[in-house]
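Here is how the chains run, residue by residue.
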Amino acid sequence: MPKFAPASARLFTRLLALLAAMAMVTQPLAAQAQGLNVLRDAETEALLQDMIDPLAEAAGLGEGAVDVVLLSDTTINAFVAGGQRVYIYSGLLLEAEDAGEVQGVLAHELGHITGGHINRYSEGAGNATRITLLSALLAAAAAFAGGGDAAMGILAAGQQAALGSFLAFSRTQEASADAAGARYLSEAGISGRGSLRFFERLENMEFRRGISQNNDREYGRTHPLSGNRIARLQEDYIVDPAWDTPTDPDLQERFERVQAKLYGYLAPPERVLTAYPTDRTDVPSRYARAYAYHRDALMEQSLAEVDALLALEPQNPYFLELKGQVLLESGRVNEALPPLREATRLTQSTPLIASMLGHALLATDDRANLPEAERVLRAALGRDRENPFAWYQLGAVYQLLGDTPRARLASAEQQILSGNPQGALMNASAAEQALPVGSPDWIRAQDVQLQARAQLERMAERN
Ligand SMILES: [Zn+2]
């Protein structure tokens, strides 16, 4: 069966236009990753990277060496897995009161990485960031059908209860991560006040937003807290020259925006309007309401908030991205193109934004837009090859252009990232037969087959 028959590609494209072109696409991890959902958003990822980079540098790992992956989950938690990667829950980001609190947590988690602490989760997490397009669609479909929270419930329920014991470290390891974290904060010139406040509030369970219900203690369960531990941290922090250094105001402003957008995106819309009432015209309030209205399909209200934001900052790529997203998902595809083009340009083709533009171009159903779609998607994949959503769309572009071999190669790329080595093998092999011998794509088709065979062997070993 051809993977990208034009008619079904268009149908699929329309489905995507309705459902999955969100700036934030929830992408469940592979099965062994406990049913956690990765929540992807360009602005949030850029912020988290800027938060961890000075700490990673202080830890001797270097800027960009450690990724932060955001999980869509109301639990207040964070953990490390799969080498140099910190997973942070949206629940923790929403409950933190300032950027310094989050950096305190990140510093501690880096302490687990540099300490070589292995939890049982890490062992099976090699493929933890493999994401599946189909499930992303299902998640989006469920979100549309039953409200976002229902969808998150379905996807997050998984084995949450079992996760605590998987992630737990020993008290010795916790103490060593605390000490290392304190060193990294100090070296990066970040006050330990945030870290301390966060741990103290965890202990007292004084959280303001209250969307996490029974999960408030999770961080404490996986990183055992005690008065003793907090007292020890305080001793380290208080003598540090950075103790009185205020949180970087620029980072704090970005953090408040990201918090607002996550809350607007994740919390029930009526609660968003309580937390960010309509008489508040500051940027975070408008941002949160724009997402909440959009989720409630109140397009005009949503656009009014976005336009007010753009009046303040016409060149803000994330406001432009949101405007494009709202228009695209409301079926105003052609109007979505200019803001998405501008957002793509301003971010030098940040993969998540560029793939939304590629998607919008495809959704116009206009062949004249195909060359631009190809260019944009290739630029996105040039910066991040592990983006199955972009591969899928690039495959659709090639198929519509009549370039079946490259359509099959793109399909194979998408399948290898989505845990479908069988399909990847079939498509990559067919692509290899049809591509010019010795061309870069021909070589790539062979590489994908090797990867697919290796994946199949690992799967066979497990059974
Ligand atoms: Zn810990």
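Residues numbered from 1 in each chain as written. Predicted model: local features only at pLDDT ≥ 70, side-chain atom pairs only at ≥ 80, totals over all residues. Heavy atoms only, no water.

## Comments concerning helix α2 (residues 42–58)
Across its 17 residues, α2 extends 25 Å between first and last C-alpha, which sits within 8% of the 24 Å expected from 1.5 Å per residue. Considering bend angle alone, the principal kink of α2 is centred on I52 and spans about 30°; proline P54 follows within four residues of it. Of the residues making up α2, those classed as buried are A42, E43, T44, L47, L48, M51, I52, D53, L55, A56 and A58. Positive backbone phi, approximately 80°, marks G60, located one or two places after α2. (Helix = DSSP H or I, 4+ residues; strand = E, 2+ residues; numbered from the N terminus. Expected span 1.5 Å × (residues − 1). Bend = angle between axes of the 7 residues up to and from the residue. Buried < 20%, exposed > 50% of the residue type's maximum accessible area, 1.4 Å probe, protein only.)

## Digging into helix α17 (residues 317–329)
Its 13 residues give α17 an end-to-end C-alpha distance of 18 Å, which sits within 8% of 18 Å, the value for a rise of 1.5 Å per residue. Across the 13 residues of α17, 12 count as buried, placing the element largely inside the fold. For α17, every residue scored as buried is listed here: P317, Y318, F319, L320, E321, L322, G324, Q325, V326, L327, L328 and E329. Two or three places before Y318, at the opening of α17, N316 has a side-chain oxygen 2.8 Å from that residue's backbone nitrogen. Two residues or fewer after α17 comes G331, characterised by a positive phi angle close to 85°. (Polar contact = N/O pair within 3.5 Å; in protein donor to acceptor, adjacent residues only side chain to side chain.)

## Topic: the coordination of the zinc ion
Coordination of the zinc ion by the protein is provided by H108 (NE2), H112 (NE2), E174 (OE) and E174 (OE), with metal-donor distances spanning 2.1 to 2.6 Å. For the zinc ion, the 4 donor atoms in the first shell make angles of 52 to 130° at the metal, a pattern classed as irregular. In the primary structure, the donors to the zinc ion are separated according to the pattern H-x3-H-x61-E. Taken together, the positions of H108 in helix α4 (residues 99–114) and E174 in helix α9 (residues 171–187) put the pair 66 residues apart, joining distant regions of the chain. For H108, a relative accessible area of 2% corresponds to the buried category. On the basis of relative accessible area, E174 is assigned to the buried category, the value being 1%. (Donors = N, O, S within 2.8 Å, 3.2 Å for Na, K, Ca; no water. Tetrahedral: all angles 85-135°; square planar, octahedral: opposite > 155°, others 65-115°.)

## Side note on unusual backbone geometry
A positive phi is found at Q348, a non-glycine position, where the angle reads about 50°. The phi dihedral of S349 falls on the positive side, at around 60°, and the residue is not glycine. Position of S349 among the secondary structure elements: in the loop between α18 (333–346) and α19 (351–363).

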